[in-house]
Amino acid sequence: MLLIGTAAVAQQTHAQYEPSNVLGAGQRLLAQFASDWDVVKTFFPMNGKPIVTKGICKQYMIQDGKFLQSDFTFFNSDGTKSTGTGISGFDPKTNRFTTVWFDSRQTTMSIRQSDGTFDGKNIILWTTPLDTEHPGRKTVARAHLEEDGRLLLHRHSMIGDKGEERMMIEFRMTRK
């Protein structure tokens, strides 16, 4: 009996400490991204022609519809594959999106966060350095749906010292 009573108090305390929140406009937009997609990734190097890689992506809502998980597979020109996973969430209290990305090419993770402005259609994410002493390059990523939801467009740009943007990667995702 004591153990059951202790568990109930601990649950009650956790619920008080960290209350559940309701889904917001960001989750409604992320849910529209849930689907199977054909992907064309274009990398724009500093010099030379763009490099195009085809792939696929399965996106689905997890954790009771609170987060979007994106599982990518890219088919490289040399016959190998690479994979990547993204987790995207939205906090209705702060009106901010946060994404985490990791892939099979590196042992690092990338985190981006919006600035708290959200128009209901466009997700704009800024680099969020994990190592504040060595923040690395500044980037911005923008995502939105086009063609009545049949096309999901992600564009990632580098931000120069004077604030100028240069597109580095574009993901053009077509709903299957």
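Cut-offs applied
- Residues numbered from 1 in each chain as written.
- Predicted model: local features only at pLDDT ≥ 70, side-chain atom pairs only at ≥ 80, totals over all residues.
- Heavy atoms only, no water.
- Helix = DSSP H or I, 4+ residues; strand = E, 2+ residues; numbered from the N terminus.
- Contact = heavy atoms within 4.5 Å.
- Core = buried A, V, L, I, M, F, W, Y, C linked by side-chain atoms within 4.5 Å.
- Buried < 20%, exposed > 50% of the residue type's maximum accessible area, 1.4 Å probe, protein only.
- Phe/Tyr/Trp six-rings, centres within 6.5 Å; stacked < 30°, edge-to-face > 60°.
- Lys NZ or Arg CZ within 6 Å of the ring centre and 35° of its normal.

Visitor: Before we go on, may I ask you to explain the environment of Ser82 in this structure?
Guide: Assignment of secondary structure puts Ser82 in strand E4 (residues 81-91). In sequence terms Ser82 and Ser104 are 22 residues apart; their C-alpha atoms lie 5.9 Å from each other. Beyond its immediate sequence surroundings of up to four residues, Ser82 is in contact with Phe72, Thr73, Phe74, Asn76, Ser104 and Arg105.

Visitor: What is the right way to read the nonpolar core from this model?
Guide: Soluble globular proteins tend to pack their nonpolar side chains together in the buried interior. One finds Phe33, Val39, Phe72, Phe97, Ile123 and Met173 to be the most contacted residues of the largest nonpolar core, which totals 20 residues. Discounting chain neighbours no more than four positions away, the residues touching Ile123 are Leu29, Leu30, Phe33, Phe97, Ala141, Arg142 and Ala143.

Visitor: I keep staring at the side chain of Gln27 and nothing clicks. Help me out?
Guide: By secondary structure assignment, the location of Gln27 is in helix H2 (residues 25-33). Every residue in contact with Gln27, bar those within four places of it in the chain, is listed here: Met61, Gly65, Lys66, Phe90 and Pro92.

Visitor: Even after reading the chapter, I still don't get the packing of aromatic side chains, so can you show me in this structure?
Guide: Aromatic ring pairs are reported here in terms of the distance separating the ring centres and the angle at which the planes meet. All chains considered together, the criterion is met by seven aromatic pairs. Between Phe74 and Phe171 the ring centres are 6.0 Å apart and the planes differ by 40 degrees, which places this aromatic pair in the tilted class. On the criterion of sequence distance, the pair formed by Phe74 in strand E3 (residues 67-75) and Phe171 in strand E10 (residues 165-175) is long-range, its members being 97 residues apart. Here Phe74 and Phe171 have matching classes, each one buried. Seen from their ring centres, Phe90 and Phe118 are 5.5 Å apart, and the 55 degrees between their planes marks the pair as tilted. Of this pair, Phe90 sits in strand E4 while Phe118 sits in the loop between strand E6 (109-113) and strand E7 (123-127), placing them 28 residues apart in sequence. Each member of the pair, Phe90 as well as Phe118, is classed as buried. An aromatic cluster is built from Phe72, Phe74, Trp101 and Phe171, whose rings are joined through pairwise contacts. The cationic tip of Lys41 hangs over the ring face of Phe74; the distance from NZ or CZ to the ring centre is 4.5 Å.

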